[in-house]
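Fold and contact review
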Amino acid sequence: MPPSPKTRSFDNLEHNDRHSKYSPLTKIVAGVTVLATVLLLLYLYTLKPATPTLQAPEWIYATAVLRGDAGVNGTVYFRQSGLSKVRITGKILGVDKNSLRGFHIHEFGDLSDGCTSTGSHFNPTSQTHGGPSDLKRHVGDLGNVKSDKHGVVHLDFEDNLITLSGPWSIIGRAVVIHKGTDDLGRGGNDESLKTGNAGGRAACGVIGNAPSPTLDKLMPLQVYPEHWRDICRAERELGISHLL
Ligand SMILES: *[C@@H]1O[C@H](CO)[C@@H](O)[C@H](O)[C@H]1NC(C)=O
Ligand SMILES: [Cu+2]
Ligand SMILES: [Zn+2]
């Protein structure tokens with residue numbers, strides 16, 4: 001037999017009665033506790049993004065536009081992510097054909113007297129001149145770059161000493177491409193341990209902070225293995241092989 005409406009309302013009454021066994025104070029305390037817990041969780045949630053767990057390292061970009069009085073010019077791009085190696089890309093035109101040319105970071109970003117006023121090789125560790133893979137080298141010693149049969153240098157390599165931040169940062173300093181070959185400190189004379197006998201300065205440019213480059217400037221990635229292979233072969237022929 002189905003329960004009459006009266007019975008059902010009696011049930012409700014009994015239900016309400018059962019609840020009323022909690023005192024009003026208990027109800028307030030419970031309510032406040034629930035509210036406080038919700039607020040605490042919301043607060044913790046807003047804090048969550050501020051905890052630095054796995055943050056992507058920041059990229060730093062820099063560019064140098066090279067000019068000189070020898071018909072040599074070009075653009076050099078630098079980029080670095082966190083503490084990883086600096087990647088150097090770019091293109092230099094008007095260089096002697098099929099030749100190795102000294103390529104350095106010089107101390108000053110001062111072109112007031114052309115490339116002459118960029119000073120010596122950037123050398124914050126007071127070392128003697130060397131090649132890029134030597135333990136003893138100037139921080140600015142990037143070795144030689146190689147031009148093709150058109151006199152064009154396609155740059156794409158990494159260096160493990162220069163940085164784009166901190167005390168060894170090269171930003172605000174200068175890139176120089178020389179008129180001669182860097183002997184990487186193996187020339188057997190005093191000058192070799194200072195300048196590598198790389199000769200005059202064909203072109204130079206100040207390294208400045210740059211925005212994230214467009215893809216076409218990042219593109220010469222596929223040249224990368226060629227860069228070292230060609231330079232190593234050419235340096236070996238000159239008897240100044242120093243790596244690989
Ligand atoms: C850069 O050098 C090349 C080769 O010497 C020359 O043809 C070109 O006009 C130069 N460009 C500038 C902007 O000076
Ligand atoms: Cu130099
Ligand atoms: Zn040097």
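Let me sum up the structure you'll find in this document. Counting restarts for each chain, with residues numbered from 1 along the sequence as it is written. Here the convention is simple: chains get letters from A, ligands get numbers from 1, in the order in which they are written. In keeping with the model being predicted, local features are shown solely for residues with a pLDDT of at least 70 and side-chain atom pairs are shown and tallied solely at 80 or more, while totals for entire chains, interfaces and linings include all residues.

Regarding the overall build of the chain
Put simply, the rule reads: Under the scheme used here, helices are H or I runs from DSSP no shorter than 4 residues and strands are E runs no shorter than 2 residues, and both carry numbers assigned from the N terminus. Put simply, a residue is buried when 20 or more other C-beta atoms lie within 10 Å of its own C-beta and exposed when 12 or fewer do; between those, it is partly exposed, and each C-beta is set from the backbone. Each residue gets a C-beta atom placed from its backbone, and two residues are in contact if those atoms lie within 7 Å.
The secondary structure content of the chain amounts to four helices and ten strands. Along its sequence from the N terminus, the chain presents helices and strands in the succession α-α-β-β-β-β-β-β-β-β-β-β-α-α. A total of 244 residues make up the chain; the buried ones form 34% of that total. Looking at the chain alone, contacts between residues at least 24 apart form 63% of all its contacts between residues at least 6 apart.

Side note on the site of ligand 1
Convention followed: Any residue whose C-beta atom, as placed from the backbone, lies within 6 Å of a molecule or strand is termed near it. Gly is put with the polar residues, along with every residue not named as nonpolar or charged; the nonpolar set is Ala, Val, Leu, Ile, Met, Phe, Trp, Tyr, Cys and Pro, and the charged set is Asp, Glu, Lys and Arg.
Taken together, Gly71, Asn73, Leu93 and Gly94 are the residues near ligand 1. Here the residues of the shell around ligand 1 are counted per class, giving one nonpolar, three polar and no charged.

Digging into the nonpolar core
The nonpolar side chains of a soluble globular protein tend to be buried with one another. Just so we agree on the cut-off: Note on terminology: a nonpolar core is any set of buried Ala, Val, Leu, Ile, Met, Phe, Trp, Tyr and Cys residues joined through C-beta atoms within 7 Å.
Counting 33 residues, the largest nonpolar core has Leu66, Val76, Phe78, Val175 and Ile177 as the members making the most contacts within it. Elements that contribute at least two residues to this core include exactly strand 1 (59-66), strand 2 (73-81), strand 3 (86-93), strand 4 (100-106), strand 6 (141-146), strand 7 (153-159), strand 8 (174-178) and strand 9 (201-206). Broken down by element, this core gets its largest block of residues, four residues, from strand 8. Contacts of Ile177, omitting those with residues within four sequence positions, involve Leu66, Val72, Ile92, Arg101, Phe103, Val145, Ala202 and Ala203.

Remarks on the sheet that holds strand 10 (residues 208-210)
The line we're drawing: Strand pairing follows a simple DSSP-based rule, namely that at least 2 bridges must link the two strands. Inter-axis angles, ranging from 0 to 180 degrees, are taken between N-to-C directions of lines fitted to C-alpha atoms, where helices are fitted over the stretch in contact.
A sheet is described by the order of its strands in space; here five strands give the open sequence 7-3-2-1-10, paired in antiparallel fashion. Looking at the sheet topology across the chains shown, the edges are occupied by strand 7 and strand 10. Neighbour to neighbour, the strand axes of the sheet diverge by 25 degrees on average, direction disregarded. In this structure, strand 1 lies alongside strand 2, joined through eight bridges in antiparallel fashion. The partner of Thr63 across the bridge, within strand 2, is Tyr77.

Side note on the sheet that holds strand 9
Strand order in the open sheet formed by four strands is 6-4-8-9, with antiparallel pairing between adjacent strands. Looking at the sheet topology across the chains shown, the edges are occupied by strand 6 and strand 9. Shown here is a sheet whose adjacent strand axes are inclined to one another by a mean of 20 degrees, direction ignored. Bridge count for strand 4 against strand 6 is four bridges, and the pairing is antiparallel. Among the inter-strand pairings, Arg101 is bridged to a residue of strand 6, identified as Val145.

Here we look at the pairing of strand 3
Pairing analysis gives seven bridges linking strand 2 to strand 3, with the strands arranged antiparallel. The residue of strand 3 that forms the bridge with Tyr77 is Thr89. The hairpin turn running from strand 2 into strand 3, its antiparallel successor, is four residues long, and Gly82 in that turn takes a positive phi close to 55 degrees. Across seven bridges, the pairing between strand 3 and strand 7 is antiparallel. Each bridged residue has a counterpart across the sheet, and for Ile92 the counterpart in strand 7 is Val153.

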